[in-house]
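These are the residues of each chain, in order.
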Amino acid sequence: MSDQQTQLKQQAAERAVEFVQSGMVVGLGTGSTAIFATRRIGQLLADGQLKDIIGIATSRRTDEEARKLGIPLLPDDLPQPVDVTIDGADEIDPDFHLIKGGGGALLREKIVAQASSRFVVVADESKLSDKLGTNFRLPVEVLEFAWRSQLQFLESLGAKAEVRQNADGSRFLTDSGNLILDCDFGPIADPLELAASLGSRAGIVEHGLFLYMATDVIIAGQDGIRHLTGK
Ligand code: A5P
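In short, a report on the structure. Chains are numbered independently. Their residues run from 1 in the order of the written sequence. Local features in a predicted model are, by the rule used here, given only for residues with pLDDT of at least 70; side-chain atom pairs are given and counted only at 80 or more, and totals for whole chains, interfaces and linings are based on all residues. Derived side-chain values reflect all non-hydrogen atoms in the structure, with water molecules and hydrogen atoms excluded from consideration.

Considering the overall build of the protein chain
Inference 1: Runs of H or I in DSSP of at least four residues are treated as helices and runs of E of at least two as strands, each being numbered from the N terminus. A tally of helices and strands in the protein chain yields 6 helices and 13 strands.
Inference 2: Two things to know: the radius of gyration comes from C-alpha atoms, and the globule rule equals 2.2 Å times the number of residues to the power 0.38. What you see for the protein chain is a C-alpha radius of gyration of 17 Å, in line with the 17 Å of a compact globule of 231 residues.
Inference 3: For the protein chain, the C-alpha atoms occupy an extent of roughly 55 × 40 × 35 Å along the three principal directions.
Inference 4: Buried means the residue's accessible area, taken with a 1.4 Å probe over protein chains only, is under 20% of the maximum for its type, while exposed means over 50%, and partly exposed covers the values in between. Burial analysis of the protein chain (231 residues in total) assigns 52% to the buried set.
Inference 5: Intrachain contacts of the protein chain at a sequence separation of at least 6 include 75% that bridge at least 24 residues.
Inference 6: The Shrake-Rupley method, run with a 1.4 Å probe, gives the accessible areas here. Residue values count only the displayed protein chains as cover. Per element, the accessible surface of the protein chain, about 10800 Å² overall, is 47% carbon and sulfur.
Inference 7: Counting 23 positive and 33 negative side-chain charges, the protein chain places the averaged centre of each group 2 Å from the other. Note on contacts: a residue pair qualifies if any of its non-hydrogen atoms lie within 4.5 Å across the two residues. Two residue types count as positive, namely Lys and Arg, and two as negative, namely Asp and Glu; His and chain ends fall outside the count. Where a charge lies is defined by one atom per residue type: Lys uses NZ, Arg uses CZ, Asp uses CG and Glu uses CD.

A look at the pairing of strand β2 (residues 54-57)
The side chains of a regular strand alternate, residue by residue, between the two faces of the sheet.
Inference 1: Note: strand β1 (residues 25-28) against β2, 4 bridges, orientation parallel. Across the sheet, residue V26 finds its bridge partner in β2, namely G55.
Inference 2: After leaving β1, the chain enters helix α2 (residues 34-46) and then returns to the sheet as β2, a path that is right-handed. Strands are labelled as partners when DSSP assigns at least two bridges between them. Viewed with both strands pointing away, a crossover whose connecting path from the first strand over the helix to the second turns clockwise is right-handed.

A closer look at the side chain of T62
Inference 1: Take T62: it is sitting in helix α3 (residues 60-69).
Inference 2: When its relative accessible area of 3% is taken as the criterion, T62 is described as buried.
Inference 3: Every residue in contact with T62, bar those within four places of it in the chain, is listed here: L28, G29, T30, T38 and A57.

Some remarks on unusual backbone geometry
Inference 1: At F96, a residue that is not glycine, the phi angle is positive and equals roughly 70°.
Inference 2: Within the secondary structure layout, F96 lies in the loop between β4 (91-92) and β5 (98-99).
Inference 3: Even without a glycine there, the phi angle at A146 is positive, about 55°.
Inference 4: Counting through the fold element by element, A146 comes out in the loop between β7 (138-142) and α5 (147-156).
Inference 5: Given a relative accessible area of 39%, A146 falls into the partly exposed group.

Observations regarding the nonpolar core
Inference 1: Within the largest apolar cluster, 27 residues are counted, with the highest numbers of intra-cluster contacts made by V20, V26, I41, I53, I86, V120 and V122.
Inference 2: Taken together, the elements giving at least two residues each to this core come down to α1 (3-16), β1, α2, β3 (82-87), β6 (116-124) and β12 (216-221).
Inference 3: A per-element tally of this core places α2 first, with 6 residues.
Inference 4: With residues up to four places along the chain from it excluded, the contact list for V122 reads A12, A13, A16, T33, I86, D87, G88, A89 and I218. In this description, a nonpolar core means a group of buried Ala, Val, Leu, Ile, Met, Phe, Trp, Tyr and Cys residues linked to one another through side-chain atoms lying within 4.5 Å.

Structural notes on helix α6 (residues 191-199)
Inference 1: Buried residues of α6: P191, L194, A195 and L198, and no others. Burial along α6 is one-sided: seen end-on, the buried residues are contained in an arc of 100°.
Inference 2: In this structure, the buried side of α6 is in contact with β7, α5, β10 (204-207) and β11 (209-210). Picture the helix axis, draw a direction to every C-beta atom, and the arc is the one those directions span.

Observations concerning the environment of I219
Inference 1: Inspection of the secondary structure assignment puts I219 in strand β12.
Inference 2: Taking the C-alpha atoms as reference, I219 lies 5.7 Å from E125; in sequence the two are 94 residues apart.

Next up, the structure:
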């Protein structure tokens, strides 16, 4: 990743933190963009500009980072609605539909996003795409039990699918102990139809299509920062 892209990610994430006010419950996203929002929230809490924030982390990685920053965290049983969640995305289409899960945290990310009044997606402009699936494979989280039958099912829907691996060749396991199948569907003609097929299959725990969820998209690019709101 170039320094410039990192800077754009930081700009988008920090802009989104302007939506966070004292007293809010805040969903803390996962990935190289969302981490800048978490760090900024930690900084504002430390210097007293924000007070009484409670975070809910979308992954163990984010949980660890938030603890280091001194952000108080909700327990995992999510007892109250989330005011705003700030998270990244792998691909964003013109209708604000998303592919997420590049970091493998899609399940918790979707749970937290669905519990949020406001779901702010932060990204650099490279994430914009006319059709989901053009630039990024769709992550599908599956139970390890009988996972090969999910692979076949995904292939029957037209995907080239493979099990995500760690750098050492071992299988990547999500925070919930499941596998990820990265699925190359090519440009996805009908994300809603695909989401319905994936959602009705036993053994598929969750998929990375986040449809009708983003309320705001903050995009940082060469020409500045754009704040796009729902249609
Ligand atoms: C994590 O599982 C993902 O959904 C991330 O939010 C997504 O992959 C974007 O990550 P980056 O901000 O690192 O590009």
